[in-house]
Amino acid sequence: MKIISPDNLSCPLDSALLSYENDKCLICENGHSFDVARQGYVNLLPVQDKRSKSPGDTKDMVKARQEFLNLGYYKDIAAYTAHIVREALNEDQKNMILDAGCGEGYYLDYILQELQQDARNGQCGLIGYDISKCAVIEACKRNKADITWLVATNRRPPIVANSLTQIISMFGFPVFDMFAQLLKADGQVLLVEAGNNHLLEIKQHIYSDIKPQTHASKIEAAEKAGFVMGEKRNLSYTATLKHPDDFYHLLKMTPYFYKMYEEDKEALSKSCKSITIDVDFIIFHKA
Ligand SMILES: C[S@@+](CC[C@H](N)C(=O)[O-])C[C@H]1O[C@@H](n2cnc3c(N)ncnc32)[C@H](O)[C@@H]1O
(Lines give C-alpha, C1' and ligand atoms only; values in the text may rest on other atoms or scores of the structure.)
Protein backbone atom coordinates (compact mmCIF):
# COMPACT_ATOMS: atom_id res chain seq x y z
CA MET A 1 0.00 0.00 0.00
CA LYS A 2 1.25 3.46 -0.81
CA ILE A 3 1.14 5.78 2.19
CA ILE A 4 -0.15 9.20 1.20
CA SER A 5 -0.61 12.50 2.99
CA PRO A 6 -4.27 13.12 3.92
CA ASP A 7 -6.03 15.92 2.02
CA ASN A 8 -9.19 15.95 4.10
CA LEU A 9 -8.35 18.12 7.10
CA SER A 10 -10.75 20.94 7.85
CA CYS A 11 -10.44 24.20 9.70
CA PRO A 12 -11.65 23.89 13.29
CA LEU A 13 -12.97 27.48 13.13
CA ASP A 14 -15.04 27.49 9.93
CA SER A 15 -14.81 23.91 8.55
CA ALA A 16 -13.17 25.07 5.29
CA LEU A 17 -10.66 22.70 3.70
CA LEU A 18 -7.12 23.06 5.03
CA SER A 19 -4.06 22.82 2.86
CA TYR A 20 -0.34 22.85 3.66
CA GLU A 21 1.75 25.94 3.01
CA ASN A 22 5.43 24.96 2.62
CA ASP A 23 4.97 22.11 5.10
CA LYS A 24 5.11 24.78 7.80
CA CYS A 25 1.44 25.40 8.42
CA LEU A 26 -2.07 24.43 7.48
CA ILE A 27 -4.18 27.25 6.12
CA CYS A 28 -7.85 27.50 5.12
CA GLU A 29 -9.33 29.66 2.35
CA ASN A 30 -10.46 32.20 4.95
CA GLY A 31 -6.90 32.69 6.16
CA HIS A 32 -7.02 30.75 9.45
CA SER A 33 -3.61 29.21 9.83
CA PHE A 34 -2.22 26.53 12.14
CA ASP A 35 1.51 25.94 12.52
CA VAL A 36 3.15 22.57 12.25
CA ALA A 37 4.87 22.30 15.64
CA ARG A 38 8.58 21.46 15.67
CA GLN A 39 7.68 18.00 17.01
CA GLY A 40 5.56 17.43 13.88
CA TYR A 41 1.92 17.74 15.00
CA VAL A 42 -0.67 20.42 14.26
CA ASN A 43 -2.87 21.76 17.02
CA LEU A 44 -6.41 21.94 15.63
CA LEU A 45 -8.10 22.27 19.02
CA PRO A 46 -9.28 25.87 19.41
CA VAL A 47 -9.43 27.26 22.90
CA GLN A 48 -13.24 27.38 22.81
CA ASP A 49 -13.35 23.58 22.33
CA LYS A 50 -11.20 22.95 25.41
CA ARG A 51 -12.97 22.21 28.66
CA SER A 52 -9.79 22.60 30.71
CA LYS A 53 -6.30 24.04 30.27
CA SER A 54 -4.73 20.66 29.46
CA PRO A 55 -7.53 18.30 28.45
CA GLY A 56 -7.13 14.52 28.14
CA ASP A 57 -4.48 12.27 29.59
CA THR A 58 -1.73 13.87 31.65
CA LYS A 59 1.99 13.56 30.97
CA ASP A 60 2.28 10.89 33.69
CA MET A 61 -0.57 8.83 32.26
CA VAL A 62 0.88 9.10 28.76
CA LYS A 63 4.36 8.06 29.93
CA ALA A 64 2.95 5.11 31.88
CA ARG A 65 0.97 3.89 28.87
CA GLN A 66 3.95 4.33 26.58
CA GLU A 67 6.29 2.45 28.90
CA PHE A 68 3.86 -0.45 29.21
CA LEU A 69 2.95 -0.63 25.51
CA ASN A 70 6.63 -0.59 24.58
CA LEU A 71 7.09 -3.78 26.63
CA GLY A 72 5.10 -5.60 23.93
CA TYR A 73 2.43 -7.36 26.03
CA TYR A 74 -0.31 -5.69 23.95
CA LYS A 75 1.35 -6.40 20.60
CA ASP A 76 -1.29 -9.00 19.76
CA ILE A 77 -4.00 -6.37 20.23
CA ALA A 78 -2.17 -4.11 17.79
CA ALA A 79 -1.71 -6.98 15.33
CA TYR A 80 -5.38 -7.97 15.47
CA THR A 81 -6.47 -4.36 15.01
CA ALA A 82 -4.17 -4.04 12.01
CA HIS A 83 -5.60 -7.30 10.63
CA ILE A 84 -9.17 -5.94 10.79
CA VAL A 85 -8.08 -2.63 9.27
CA ARG A 86 -6.36 -4.45 6.40
CA GLU A 87 -9.41 -6.63 5.73
CA ALA A 88 -11.48 -3.51 5.08
CA LEU A 89 -9.00 -1.83 2.70
CA ASN A 90 -10.10 -1.17 -0.82
CA GLU A 91 -7.38 -1.25 -3.47
CA ASP A 92 -9.46 0.89 -5.84
CA GLN A 93 -9.93 3.92 -3.65
CA LYS A 94 -8.06 6.22 -1.30
CA ASN A 95 -8.24 4.59 2.12
CA MET A 96 -8.42 7.31 4.76
CA ILE A 97 -7.98 5.95 8.25
CA LEU A 98 -8.47 7.89 11.49
CA ASP A 99 -7.41 6.78 14.96
CA ALA A 100 -9.73 8.93 17.09
CA GLY A 101 -8.14 9.27 20.53
CA CYS A 102 -4.82 7.80 19.43
CA GLY A 103 -3.00 8.38 22.72
CA GLU A 104 0.76 8.13 22.28
CA GLY A 105 0.37 6.48 18.90
CA TYR A 106 1.36 2.86 19.60
CA TYR A 107 -1.50 1.27 17.68
CA LEU A 108 -1.58 3.58 14.66
CA ASP A 109 2.18 3.29 14.27
CA TYR A 110 1.84 -0.50 14.32
CA ILE A 111 -0.92 -0.31 11.68
CA LEU A 112 1.31 1.91 9.53
CA GLN A 113 4.12 -0.63 9.65
CA GLU A 114 1.72 -3.39 8.57
CA LEU A 115 0.36 -1.27 5.72
CA GLN A 116 3.87 -0.44 4.55
CA GLN A 117 4.48 -4.16 4.16
CA ASP A 118 1.14 -4.81 2.43
CA ALA A 119 2.08 -5.63 -1.16
CA ARG A 120 -1.35 -4.83 -2.57
CA ASN A 121 -2.03 -1.80 -4.76
CA GLY A 122 -3.87 1.12 -3.24
CA GLN A 123 -3.35 4.23 -1.21
CA CYS A 124 -3.71 4.90 2.50
CA GLY A 125 -3.66 8.10 4.48
CA LEU A 126 -3.34 7.90 8.26
CA ILE A 127 -4.55 10.51 10.75
CA GLY A 128 -4.22 10.16 14.51
CA TYR A 129 -5.60 12.73 16.89
CA ASP A 130 -5.95 13.06 20.60
CA ILE A 131 -7.20 15.82 22.87
CA SER A 132 -4.05 15.44 25.00
CA LYS A 133 -1.20 17.49 23.60
CA CYS A 134 1.44 15.57 25.55
CA ALA A 135 0.12 12.30 24.09
CA VAL A 136 0.37 13.68 20.56
CA ILE A 137 3.92 14.93 21.18
CA GLU A 138 4.90 11.36 22.11
CA ALA A 139 3.05 9.99 19.06
CA CYS A 140 5.18 12.20 16.79
CA LYS A 141 8.29 10.45 18.14
CA ARG A 142 7.01 7.12 16.80
CA ASN A 143 6.70 8.37 13.23
CA LYS A 144 6.17 11.87 11.96
CA ALA A 145 6.82 11.28 8.28
CA ASP A 146 3.91 9.01 7.39
CA ILE A 147 1.21 9.74 9.96
CA THR A 148 -0.57 13.07 10.38
CA TRP A 149 -0.80 13.71 14.12
CA LEU A 150 -3.22 16.32 15.42
CA VAL A 151 -4.36 17.71 18.72
CA ALA A 152 -8.13 17.60 18.27
CA THR A 153 -11.32 16.44 19.89
CA ASN A 154 -13.86 13.77 19.06
CA ARG A 155 -16.52 16.34 19.84
CA ARG A 156 -15.55 18.42 16.77
CA PRO A 157 -13.08 16.52 14.59
CA PRO A 158 -11.30 18.78 12.07
CA ILE A 159 -11.95 16.44 9.16
CA VAL A 160 -14.03 16.88 6.01
CA ALA A 161 -17.44 15.16 6.03
CA ASN A 162 -17.75 11.86 4.13
CA SER A 163 -14.00 11.59 3.64
CA LEU A 164 -12.92 8.70 5.88
CA THR A 165 -13.07 5.01 5.07
CA GLN A 166 -12.23 3.74 8.57
CA ILE A 167 -12.36 5.17 12.07
CA ILE A 168 -10.70 3.31 14.93
CA SER A 169 -11.58 4.08 18.53
CA MET A 170 -9.40 2.14 20.96
CA PHE A 171 -10.22 2.21 24.65
CA GLY A 172 -11.40 5.76 24.03
CA PHE A 173 -14.33 8.13 24.06
CA PRO A 174 -16.08 7.78 20.70
CA VAL A 175 -18.60 10.39 19.55
CA PHE A 176 -20.63 8.42 17.06
CA ASP A 177 -22.69 11.37 15.74
CA MET A 178 -19.45 12.95 14.60
CA PHE A 179 -18.05 9.69 13.27
CA ALA A 180 -21.22 9.25 11.16
CA GLN A 181 -20.60 12.62 9.53
CA LEU A 182 -16.94 11.91 8.73
CA LEU A 183 -17.35 8.42 7.38
CA LYS A 184 -18.05 7.57 3.74
CA ALA A 185 -21.25 5.58 3.09
CA ASP A 186 -19.35 2.29 2.86
CA GLY A 187 -16.91 3.06 5.68
CA GLN A 188 -16.58 1.33 9.03
CA VAL A 189 -15.95 2.18 12.65
CA LEU A 190 -13.85 -0.25 14.65
CA LEU A 191 -14.46 -0.01 18.37
CA VAL A 192 -11.84 -1.75 20.50
CA GLU A 193 -12.86 -2.20 24.12
CA ALA A 194 -11.85 -4.16 27.20
CA GLY A 195 -13.74 -7.46 27.37
CA ASN A 196 -15.24 -9.22 30.40
CA ASN A 197 -12.04 -10.71 31.73
CA HIS A 198 -9.61 -8.00 30.74
CA LEU A 199 -7.05 -7.46 33.54
CA LEU A 200 -9.09 -9.78 35.75
CA GLU A 201 -6.21 -10.09 38.20
CA ILE A 202 -6.50 -6.39 39.04
CA LYS A 203 -10.29 -6.21 38.99
CA GLN A 204 -10.62 -9.18 41.35
CA HIS A 205 -8.43 -7.34 43.80
CA ILE A 206 -10.58 -4.21 43.75
CA TYR A 207 -14.17 -5.32 43.22
CA SER A 208 -16.12 -8.00 45.09
CA ASP A 209 -18.62 -8.12 42.23
CA ILE A 210 -17.30 -7.74 38.69
CA LYS A 211 -19.93 -6.46 36.28
CA PRO A 212 -19.97 -7.93 32.75
CA GLN A 213 -18.79 -5.62 29.98
CA THR A 214 -21.68 -5.39 27.53
CA HIS A 215 -20.58 -2.14 25.86
CA ALA A 216 -24.32 -1.37 25.88
CA SER A 217 -24.07 2.40 26.15
CA LYS A 218 -21.55 2.68 23.31
CA ILE A 219 -23.54 0.31 21.08
CA GLU A 220 -26.70 2.28 21.83
CA ALA A 221 -24.93 5.58 21.02
CA ALA A 222 -23.65 4.10 17.75
CA GLU A 223 -27.09 2.86 16.75
CA LYS A 224 -28.67 6.21 17.64
CA ALA A 225 -26.15 7.88 15.33
CA GLY A 226 -27.28 5.63 12.47
CA PHE A 227 -24.75 2.81 12.68
CA VAL A 228 -25.55 -0.87 12.42
CA MET A 229 -23.48 -3.26 14.48
CA GLY A 230 -21.69 -5.79 12.32
CA GLU A 231 -19.28 -8.39 13.55
CA LYS A 232 -18.08 -8.62 17.14
CA ARG A 233 -14.79 -10.45 17.61
CA ASN A 234 -12.72 -11.21 20.66
CA LEU A 235 -9.05 -11.69 21.39
CA SER A 236 -8.08 -13.33 24.68
CA TYR A 237 -4.73 -14.50 25.94
CA THR A 238 -2.65 -14.72 29.06
CA ALA A 239 0.57 -12.75 29.12
CA THR A 240 3.33 -13.93 31.42
CA LEU A 241 5.04 -10.99 33.04
CA LYS A 242 8.80 -10.94 32.73
CA HIS A 243 9.40 -8.55 35.63
CA PRO A 244 7.35 -7.29 38.65
CA ASP A 245 7.92 -3.71 37.46
CA ASP A 246 5.98 -4.58 34.30
CA PHE A 247 2.84 -5.12 36.36
CA TYR A 248 3.35 -1.78 38.06
CA HIS A 249 3.64 -0.07 34.66
CA LEU A 250 0.42 -1.75 33.57
CA LEU A 251 -1.38 -0.71 36.73
CA LYS A 252 -0.17 2.84 36.29
CA MET A 253 -1.81 3.19 32.90
CA THR A 254 -5.22 2.07 34.18
CA PRO A 255 -7.79 3.94 36.26
CA TYR A 256 -7.36 1.16 38.88
CA PHE A 257 -4.04 2.75 39.87
CA TYR A 258 -5.90 5.57 41.57
CA LYS A 259 -8.25 3.22 43.42
CA MET A 260 -5.58 1.21 45.23
CA TYR A 261 -3.38 1.78 48.26
CA GLU A 262 0.34 1.94 47.49
CA GLU A 263 1.11 -1.16 49.60
CA ASP A 264 -1.56 -3.14 47.69
CA LYS A 265 -0.05 -2.06 44.38
CA GLU A 266 3.37 -3.23 45.47
CA ALA A 267 2.09 -6.53 46.89
CA LEU A 268 0.07 -7.29 43.77
CA SER A 269 3.03 -6.37 41.55
CA LYS A 270 5.10 -8.99 43.39
CA SER A 271 2.46 -11.74 43.45
CA CYS A 272 0.93 -11.35 40.00
CA LYS A 273 2.96 -13.35 37.49
CA SER A 274 0.58 -13.16 34.54
CA ILE A 275 -2.30 -11.06 33.30
CA THR A 276 -5.45 -11.86 31.38
CA ILE A 277 -5.91 -9.88 28.22
CA ASP A 278 -9.43 -9.97 26.83
CA VAL A 279 -10.42 -7.45 24.20
CA ASP A 280 -13.58 -7.02 22.12
CA PHE A 281 -13.48 -5.69 18.57
CA ILE A 282 -16.85 -4.37 17.38
CA ILE A 283 -17.37 -3.26 13.81
CA PHE A 284 -20.06 -0.75 12.86
CA HIS A 285 -21.31 0.18 9.40
CA LYS A 286 -23.50 3.03 8.31
CA ALA A 287 -27.14 1.99 8.07
C1 LIG B 1 -7.51 5.12 27.55
S2 LIG B 1 -6.64 6.25 26.55
C3 LIG B 1 -6.42 5.29 25.07
C4 LIG B 1 -5.37 5.84 24.17
C5 LIG B 1 -5.07 4.96 22.93
N6 LIG B 1 -6.23 4.79 22.09
C7 LIG B 1 -4.55 3.62 23.36
O8 LIG B 1 -5.34 2.66 23.39
O9 LIG B 1 -3.35 3.53 23.69
C10 LIG B 1 -7.93 7.39 26.07
C11 LIG B 1 -7.40 8.56 25.24
O12 LIG B 1 -8.52 9.37 24.85
C13 LIG B 1 -8.09 10.72 24.88
N14 LIG B 1 -9.31 11.54 24.90
C15 LIG B 1 -10.14 11.81 25.94
N16 LIG B 1 -11.17 12.58 25.54
C17 LIG B 1 -10.99 12.80 24.20
C18 LIG B 1 -11.72 13.53 23.21
N19 LIG B 1 -12.84 14.19 23.51
N20 LIG B 1 -11.25 13.56 21.95
C21 LIG B 1 -10.09 12.90 21.63
N22 LIG B 1 -9.36 12.21 22.52
C23 LIG B 1 -9.81 12.15 23.79
C24 LIG B 1 -7.20 10.79 26.10
O25 LIG B 1 -6.35 11.91 26.10
C26 LIG B 1 -6.45 9.46 26.00
O27 LIG B 1 -5.26 9.59 25.26
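Heads up: the structure comes first, above all this text.
Heads up: these notes are all about the structure in this document. Fair warning: this is a prediction, and the values are worked out from it, not measured in the lab.

Topic: the site of the ligand
- Taken together, 18 residues are adjacent to the ligand, and Asp57, Gly101, Asp130, Asn154 and Met170 come closest.
- Interatomic distance of 2.7 Å between a side-chain N/O atom of Asp130 and an oxygen atom of the ligand.
- Burial of the ligand by the protein amounts to 91% of the accessible area it has alone, namely 590 Å².

A few points about the packing of aromatic side chains
- For the structure shown, the criterion picks out twelve aromatic pairs.
- With 6.4 Å between their ring centres and 75° between their planes, Tyr207 and Tyr256 make a pair best called edge-to-face. Note that Tyr207 is positioned in the loop between helix H6 (200-206) and helix H7 (216-224) and Tyr256 in the loop between helix H8 (244-252) and helix H9 (262-271), a separation of 49 residues in sequence.
- Overall, the relative accessible area of 31% leaves Tyr207 in the partly exposed class.
- Here Tyr256 falls in the buried class, since its relative accessible area comes to 14%.
- One aromatic cluster in this structure is built from Phe176, Phe179, Phe227 and Phe284.

Analysis parameters
Residues numbered from 1 in each chain as written. Predicted model: local features only at pLDDT ≥ 70, side-chain atom pairs only at ≥ 80, totals over all residues. Heavy atoms only, no water. Near = heavy atom within 4 Å. Polar contact = N/O pair within 3.5 Å; in protein donor to acceptor, adjacent residues only side chain to side chain. Areas by Shrake-Rupley, 256 points an atom, 1.4 Å probe, with all protein chains shown as cover. Phe/Tyr/Trp six-rings, centres within 6.5 Å; stacked < 30°, edge-to-face > 60°. Helix = DSSP H or I, 4+ residues; strand = E, 2+ residues; numbered from the N terminus. Buried < 20%, exposed > 50% of the residue type's maximum accessible area, 1.4 Å probe, protein only.

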